[in-house]
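Examination of the molecular architecture
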Amino acid sequence: MKVKNKSKFMMHKANHLLQIVVLLLVTGCATTPSKWQDINEEGTFLVYRRQSLIGEESYAIKATKDSIVVTSLQGENERGRITGVAAELHLDMNLMPSYYLNRRITAKDTIVNLEVKRTKDSIFVWEKNRDFVQLKNTDFFPVHSNIPAGIEMMLYHYYFKNGGKISIPTLPRGEVTMNFIQKDTVAIKGEKVPLDRYVVEGINWGGRTIWVDESQNLIALVKANTQIREYIRKGYEEAKPFFVQGNVEEQMAALTKYTEDLKGTQASVKALVGVDLVDGVHDTTQKDMTLIIENGRIKTIGKRTEVSIPENAKLIHLKGKTIMPGMWDMHAHSNQVQWAPAYLAGGVTTIRDNGNELEFATSFRDAIAKKGALGPDILLAGMTDGAGIQGNGVVRARTVQEAKEVADLYFTNGYKQIKIYSSVNPELTKVLAEEGHKRGMSITGHVPNAIGNARGAIDAGMDMLSHTSRVLTVLFPDKKVKELGSNFISKNDISQKQMDEATAFLLEHKTVLDPTIALSVVRAMPKGDVIETLEPFSDRIAYELFEGKRFRSGVTPARSEAAKADYIKSMNILGQFYKAGVPIVAGTDNVVPVFGLYLEIETYQKYGDLTPLQAIQTATSVPAKAMGLYTETGSLEVGKEADIAILEKNPLEDIRNIRTVEAVITNGNYYESEPLWHAADFKSKNDK
């Protein structure tokens, strides 16, 4: 074919091609290949626990003919425990997942945490401790609490590629939401690097703070649960303080939102009318009582028919209900603000935080104490450890000078105690105790490994000791924990002489014991059992907690029976100590958030032969006295702070009734429990 006007033909052809290009660009089908078609990327994240480097994660993203394969290998040496996580994720070019496998690797075993496989019509899900589940094919992204940073990064790329949806459906359950917060700038090797900050919810309990760069690659994330962890892309580690502080800011913003939503307008004068009173002092219940609370303190207690109620009082009618002192958790690790509504919902009005990151812990405490934020009163025990890979956290006492600096650090930040962890050597244990005592702080924590026996730790200056297995070495003054081995109480006959000498020693030194016996109870669970077998209300925990809390690794039936025999005998001994006057305080060490405290208290009554009142006092008056605050709180008496748990049923009649908390008063503010549970992302059965 001949073209008469060649130039006009070429112009027409060019215009036609331009229209095609514009159309392709408008419809998102540009001929330029996406970055995923040729991707071949490797990277490393540094893994920190409480700001101390404990491992690395290496990831690789590679394209095949029609898919993307992401692999990740994470290795950790966490206090001498070497573990790893291996993961593999397959995606199509639209970042839609087709396969995911996550395995935990230990010295003895390889455990599949999660496996998800998509076929043409179905999705198959296998989760640790559960059977395979077949689901209808749908859009999803695999998410669980052990998700590695390299895999998590692809979740965010999936989010951005799909236009920044409000939420992303996830498997095995739930959804993830991402909220853009602000643009940040960090200094890396003298250069200013722009980053976008987001808060992500739905992976762990509560939120995590993440940062992505201009290419939407994950740079850093800070998350919590029972501990705070930081994952930082290699090369950005000098910005760790910035990421830590950024997470604190987002946590405090979440706490502010809880407070705005739940605190409401509070009357300065309240009248609790017609209630049954368990005052925490007497083992009888005072019936049909009225309490007047004014400006956060108890002003009047008396018979309903005899108390004059001020005209400006808010009336709270509680006929048929029981009130008792607000409870204490003396071994808390409240690493995220979701603890604030959760603790209050369970009737807990004071906690001793027994080891946390200083930046978060002080901000959390001060928001409640100084700014009126919602939450329990928080007393801080600042953790320190010694040298070596088995050390815990970033605050270390490896020399005399460092020990003095630790004491100054915690004293200037308003801490009540120094917590000594397991790797502090004997000399520095004494230095920490001396320096702490000079500043008016008491000393708590573990029996250090190098000391090995409770008596040695107490002689070195420790005022309080944690965990039954270390506390009860006081019965064997010539042996160390390591020599005694596991379940040493059940394996040995304990003479009356041993009991008498140990009791006298503890009383002489006024030592306070923090057994965390509920932790022993839960650790003795047979493999395959779920936490509800021990704690009937723990099915209310947030679904993000299932993997780490509801399902535990468990032990063989034989080991379970041996461990149970040990904690029952141990509790009998602790009960005898208590009745002789040794202070014993209830603490959870995070077994199951809040509900572990009920299990702790009930175990004291069940196996320690304590009366219901005595068991309650381990979580009320005894810790208040131990922390020097009994003139202010710990019982319901005129002049004391109005820290009150309101229960449906009377715990003196049955200690299990301690779980029936319906409302709480703390710092004079009244809150109903159910909204607090839901604010903390706890779920009722009907919500799952």
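Treat the numbers as computed from the prediction; the structure is a model and nothing was measured.

**Looking at the packing of aromatic side chains**
Taken as a whole, this structure holds 17 aromatic pairs when the rule is applied. Ring centres of W126 and F132 lie 6.5 Å apart, and the angle between their planes is 55 degrees; this geometry places the pair in the tilted category. A centroid spacing of 6.0 Å and a plane angle of 70 degrees characterise the contact between F595 and Y598, whose relative ring orientation is edge-to-face. Linking F595 with Y598, this pair stays in helix α16 (residues 595-608), spanning three residues, or about one helical turn. With respect to burial, F595 and Y598 carry one shared label: buried. Joined through ring pairs, the aromatic side chains of Y159, F160, F180 and Y198 make up one cluster. Seen from the ring of F505, R455 lies directly overhead, with NZ or CZ sitting 5.0 Å from the centre.

**Considering helix α3 (residues 240-262)**
In this model α3 runs 33 Å from its N-terminal to its C-terminal C-alpha over 23 residues, within 8% of the 33 Å that 1.5 Å per residue would give. Turning to α3, its buried residues number three or more, namely K240, F243, V244, G246, N247, V248, E250, Q251, M252, L255, Y258 and T259.

**Some thoughts on the pattern of salt bridges**
Under the counting rule described, the total for this entry stands at 25 salt bridges. E76 is paired through a salt bridge with R229; the nearest N and O atoms lie 2.4 Å apart. One end of the pair, E76, is in strand β3 (residues 68-78); the other, R229, is in strand β15 (residues 229-233), and 153 residues separate them in sequence. Take E76 and R229: they sit in the same class, and that class is buried. Across the salt bridge formed by D276 and K287, the nearest N and O atoms sit 3.5 Å from each other. Of this pair, D276 sits in strand β16 (residues 269-277) while K287 sits in strand β17 (residues 286-294), and the two are 11 residues apart along the sequence. For K287, a relative accessible area of 42% gives the class partly exposed. Shared partners join several salt bridges into a network, and the residues in it are D184, R197, E249 and E250.

**Some points on the pairing of strand β22 (residues 348-353)**
With six of its six residues buried, β22 lies for the most part within the structure. In this region the chain leaves strand β21 (residues 327-332), passes through helix α4 (residues 339-345) and returns to the parallel neighbour β22; the handedness of that crossover is right-handed. In this structure, β22 lies alongside strand β23 (residues 377-384), joined through four bridges in parallel fashion. Counterpart to R352 in the pairing with β23 is L379.

**As for the sheet that holds β23**
Strand-to-strand pairing in sheets goes through backbone hydrogen bonds, with the strands running parallel or antiparallel. A sheet is described by the order of its strands in space; here five strands give the open sequence β21-β22-β23-β24-β25, paired in parallel fashion. The sheet is open, and its two borders are formed by β21 and β25 (442-445), each paired with just one other strand. Each adjacent strand pair in this sheet contributes to an overall mean axis angle of 30 degrees, direction not counted. Seen against the sheet, helix α7 (residues 426-438) touches β23, β24 (417-420) and β25 and runs at an angle of roughly 140 degrees to β25.

**Quick notes on unusual backbone geometry**
Omega for the bond connecting L171 with P172 falls within 30 degrees of zero, at 20 degrees, which places this linkage in the cis form. With respect to the helices and strands, the residue P172 is situated in the loop between β10 (167-171) and β11 (175-188). Located in the positive-phi region is D288, a residue other than glycine, with phi close to 55 degrees. Within the secondary structure, D288 sits in strand β17. A relative accessible area of 28% places D288 in the partly exposed class. Residues other than glycine seldom take positive phi values, yet N487 does so here, at roughly 50 degrees. Position of N487 relative to the elements: it lies in the loop between α10 (481-484) and α11 (488-491).

**Focus: the nonpolar core**
By size, the foremost hydrophobic cluster in this structure holds 137 residues, and its most contacted members are F243, M327, L475 and F577. Looking at this core, the element that brings in the most residues is α16, giving seven residues. The contacts of L475, once residues within four sequence positions are left out, are I489, I494, Q498, M499, A502, I573 and F577. Formed by 44 residues, the second largest nonpolar core is a distinct cluster that contains I68, Y159, L171 and L221.

**Section: the side chain of R197**
Tracing the backbone shows R197 in strand β12 (residues 191-201). The buried category is assigned to R197, whose relative accessible area is 2%. Filtering out sequence-adjacent residues up to four positions away, R197 remains in contact with N179, F180, I181, Q182, D184, T209, I210, W211, F242, G246, E249 and E250.

How each quantity is defined
- The residue numbers shown here count from 1 along each chain, following its written sequence.
- Reporting of local features is limited, given that this is a predicted model, to residues whose pLDDT is at least 70; pairs of side-chain atoms are given and counted only at 80 or more, and all residues count toward the totals for whole chains, interfaces and linings.
- Note that water and hydrogens are dropped before the side-chain values are worked out from all heavy atoms of the structure.
- Aromatic rings from Phe, Tyr and Trp, with only the six-membered ring used for Trp, were paired whenever their centres fell within 6.5 Å, and each pair was classed as stacked if the ring planes differed by under 30 degrees, edge-to-face if by over 60, and tilted otherwise.
- Numbering goes from the N terminus for both helices and strands, where a helix is a DSSP run of H or I of at least four residues and a strand is a run of E of at least two.
- To sort residues, take the accessible area from a 1.4 Å probe on protein chains only and compare it with the maximum for the residue type: under 20% means buried, over 50% means exposed, and anything in between is partly exposed.
- Note on criteria: charge over ring means Lys NZ or Arg CZ within 6 Å of the ring centre, with the direction from the centre no more than 35 degrees off the ring normal.
- To estimate the expected span of a helix, subtract one from its residue number and multiply by 1.5 Å.
- We count a salt bridge whenever a side-chain nitrogen from Lys or Arg sits within 4 Å of a carboxyl oxygen from Asp or Glu.
- By the criterion used throughout, a crossover qualifies as right-handed when its path from the first strand across the helix to the second strand runs clockwise, the strands pointing away from the viewer.
- Should DSSP find at least two bridges between two strands, the strands are regarded as paired.
- Note on geometry: axes are lines fitted to C-alpha atoms, helical ones only across the stretch in contact, with angles between N-to-C directions running from 0 to 180 degrees.
- Residue contacts are counted whenever heavy atoms from the two residues lie within 4.5 Å of one another.
- Take the buried Ala, Val, Leu, Ile, Met, Phe, Trp, Tyr and Cys residues and link them wherever side-chain atoms come within 4.5 Å; each set so joined is a nonpolar core.

None of this, on its own, says anything about what the molecule does.
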